[in-house]
Amino acid sequence: MTAGSQMNANNLHEPAAGFDFSNYLRNQNLLQTDGAAPKLKAKKTGTTIVGTVYAGGVVLGADTRATNDTEVAERNCEKIHYIAPNMYCCGAGTAADTENTTALISRQLELLRMDTARPSRLVTAVTLLKRMLFRYQGHVSAALVLGGCDLQGPHIYQIYPHGSTAKLPYTSMGSGSLAAMAVLESSWQENMTEDMAVQLVQRAIGAGIFNDLGSGSNCDICIIKTDGTVDYRRNAVKPNELAPLRAQVQRSGRLNMRPGLTPIIKSEFKPHPVVAAGGETAMEVE
Amino acid sequence: MTTEVSMMHSAESQNLKDGEVSTGTTIIAIPFQGGVVVGADSRTSTGSYVAVRTSDKIACLSDHIYACRSGSAADTQALTDYIRYYLQQLKIETGRPARVKSAAHLLQKLVYQNKDNLSAGMIVAGWDPVEGPAIYSIALGGTCLKVPFAFSGSGSLYITGLLDSEFRENMTKEEARTLVKKALAHAMARDGSSGGIIRTVAITAEGNDRDYTSQLPYGPVSY
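Computed from a predicted structure; not experimentally measured.

A few points about the overall build of chain B
Then, in step 1: Helices and strands together make up the secondary structure of chain B, namely five helices and 12 strands.
Then, in step 2: Expressed along its principal axes, the backbone C-alpha trace of chain B runs to roughly 60 × 40 × 25 Å.
Then, in step 3: Within chain B, the proportion of its 223 residues that are buried is 50%.
Then, in step 4: Put simply, of all contacts in chain B between residues at least 6 apart along the chain, 63% involve residues at least 24 apart.
Then, in step 5: Accessible area of chain B: about 10,800 Å², with a carbon and sulfur share of 51%.
Then, in step 6: If the 21 positive side-chain charges of chain B are averaged to one point and the 22 negative ones to another, these points end up 2 Å apart.

This is the structure:
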């Protein structure tokens, strides 16, 4: 309710005439932090992301919860981003940063593929990402797990917001990384089959979903094989389905109104008149 | 458990930003007849979490020159990438492989001129046809010192006495390698920011010999 507004006949608040200074108090509040971190927080992905190499390629996994501090901003967001036909990248940190950074590098790689007439290599993507992130000295808050297959085989890289990278056989990042890493460290083996790798990734993401407050909802999986095929399984596991819970609530019948309930008394059609600007004739080009 | 030791920030971590990845670290370079053995632990940490437990802190700068990295992982990776590029250019322009001294002084230039924004303590070691084996230590502010043997990183202060008493001139390659592993194992036992496996590279005129071991010569438990 803004100061100076008034109630009208329908008990709705109408804004008062003239200027509205209600944001003054909010701005004072923000300025009081005196140069410390601003109180407006960018939407972060909380997150558990995981990547592992197996005998025939790589498997990437991610949860689907996006948070604004303690509120869940999105229940089913996509954290596995396309980089190239043979590469996908999971992103943790600030949602805007991960999406825009991965999109930028994806487009740079596409131009490079046109120039070189060759499929992209993971080292290229990693180098482009680390050069950009180092340039921004950590202010672009994007922590990434990049995975894919190129002519040199399957690879997984982890990339930190300040620009350091590491090449690993398996890794996890995000607020749920400790929970996921516990699962990975106890169960990872070399040369797993695809089923073993997918089961492992699902369990690792599940550990993050259930033990980390910043992660939740569903698990997305992406399998990139050395022969070049990609199997993107959106919502591969859905352990937090809301529909059965919502169905148990008794709601008023008035919430489900079928079309046609409101009778039409009169209907009138007026075509919108097309008037040329200033009534002049259209411009002609010699 | 909070003790005074764990509440203290090491000289390295004071310069790191929040959430920045540190190479924690113990790094060493010991010369022998005809070459140098460089060694490092493999722990990379963010705060108290070990981000990578098998990292490679020994970066190849050119055919016979290696650099050991300590401090911020992002800063040192970027620095070694620059120096590798400069040394490739030098080789093309001069027609000769670069000297260890050139690599060390190029690194010093970068570190000194960007001292406000970097957190990097490195050891540049290798072999060149002019000087033979050479070891240079580049500290946080950009000091470049040629030294008979070098050790650096948060774990290095626990092995100063050990190295001072055990170092000898003109060791063989295997003696140098054994000393490197022993010193690293002792540092890893006492420093929380150092751990994992021991990586070593023996650099000689003939070539380089890279190795790693998870069997630490000294430690509380052997797996």
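Regarding helix H3 (residues 122-135) of chain A
Then, in step 1: Here H3(A) spans 20 Å end to end across 14 residues, near enough to the 20 Å set by a 1.5 Å rise per residue.
Then, in step 2: For H3(A), the set of buried residues is A:Leu122, A:Ala125, A:Val126, A:Leu129, A:Lys130, A:Met132, A:Leu133 and A:Phe134.
Then, in step 3: Buried-residue contacts for H3(A) involve strand E8 (87-93), helix H2 (95-116), strand E9 (142-150), strand E10 (153-159) and strand E11 (165-168) of chain A together with helix H2 (73-94) of chain B.
Then, in step 4: Positioned one or two residues after H3(A), A:Gln137 has a phi angle of 50 degrees, which is positive.

Let's talk about the packing of helix H4 (residues 177-187) of chain A against helix H5 (residues 194-211) of chain A
All names here are of chain A.
Then, in step 1: In the contact formed by H4 and H5, the axes pass within 7 Å of each other and the chain directions differ by 150 degrees. On the basis of the axis angle, H4 is roughly antiparallel to H5. Along this stretch, H4 crosses H5, giving a crossing that reads as right-handed. Across from Ala-179, Ala-180, Val-183, Leu-184 and Ser-187 in H4, the residues of H5 making contact are Leu-200, Arg-203, Ala-204, Ala-207, Gly-208 and Asn-211.
Then, in step 2: Considering only residue class, the contact of H4 with H5 consists of seven nonpolar, three polar and one charged.

A word on the packing of aromatic side chains
Then, in step 1: Taken as a whole, this structure holds seven aromatic pairs over all chains when the rule is applied.
Then, in step 2: Consider the rings of B:Tyr85 and B:Tyr86, whose centres lie 5.8 Å apart with planes at 40 degrees: the pair is tilted.
Then, in step 3: On the basis of relative accessible area, B:Tyr86 is assigned to the partly exposed category, the value being 26%.
Then, in step 4: An angle of 20 degrees between the planes, with centres 5.9 Å apart, marks the rings of B:Phe149 and B:Phe151 as stacked.
Then, in step 5: Classification of B:Phe151 by relative accessible area gives partly exposed; the value is 22%.
Then, in step 6: Through a chain of ring-to-ring contacts, the aromatic side chains of A:Tyr82, A:Tyr88 and A:Tyr232 assemble into a single cluster.
Then, in step 7: Over the ring of A:Tyr157 we find A:Lys167, and its NZ or CZ is 5.7 Å from the ring centre.
Then, in step 8: In this arrangement the basic side chain of B:Lys146 is found over the ring face of B:Tyr136, its NZ or CZ atom lying 5.8 Å from the centre.

Side note on H2(A)
Residues and elements named next belong to chain A.
Then, in step 1: Relative to the 32 Å expected for 22 residues at 1.5 Å per residue, H2 spans 32 Å between its end C-alpha atoms, a close match to the ideal helical length.
Then, in step 2: Within the sequence span of H2, burial applies to Ala-95, Thr-98, Thr-101, Thr-102, Ile-105, Ser-106, Leu-109 and Arg-113. Burial along H2 is one-sided: seen end-on, the buried residues are contained in an arc of 145 degrees. In H2, the exposed positions angled more than 90 degrees off the buried face are occupied by Asn-100, Arg-107, Leu-111, Met-114 and Asp-115.

Cut-offs used in this document
Residues numbered from 1 in each chain as written. Chains lettered and ligands numbered in written order. Predicted model: local features only at pLDDT ≥ 70, side-chain atom pairs only at ≥ 80, totals over all residues. Heavy atoms only, no water. Helix = DSSP H or I, 4+ residues; strand = E, 2+ residues; numbered from the N terminus. Buried < 20%, exposed > 50% of the residue type's maximum accessible area, 1.4 Å probe, protein only. Contact = heavy atoms within 4.5 Å. Areas by Shrake-Rupley, 256 points an atom, 1.4 Å probe, with all protein chains shown as cover. Lys, Arg positive; Asp, Glu negative; His and termini not counted. Charge placed at Lys NZ, Arg CZ, Asp CG, Glu CD. Expected span 1.5 Å × (residues − 1). Axes fitted to C-alpha atoms, helices over the stretch in contact; angles between N-to-C directions. Parallel < 35°, antiparallel > 145°, perpendicular 65-115°, else oblique. Left-handed = near helix turned anticlockwise from the far one by under 90°. Nonpolar A, V, L, I, M, F, W, Y, C, P; charged D, E, K, R; others polar. Phe/Tyr/Trp six-rings, centres within 6.5 Å; stacked < 30°, edge-to-face > 60°. Lys NZ or Arg CZ within 6 Å of the ring centre and 35° of its normal. Arc of directions from axis to C-beta.

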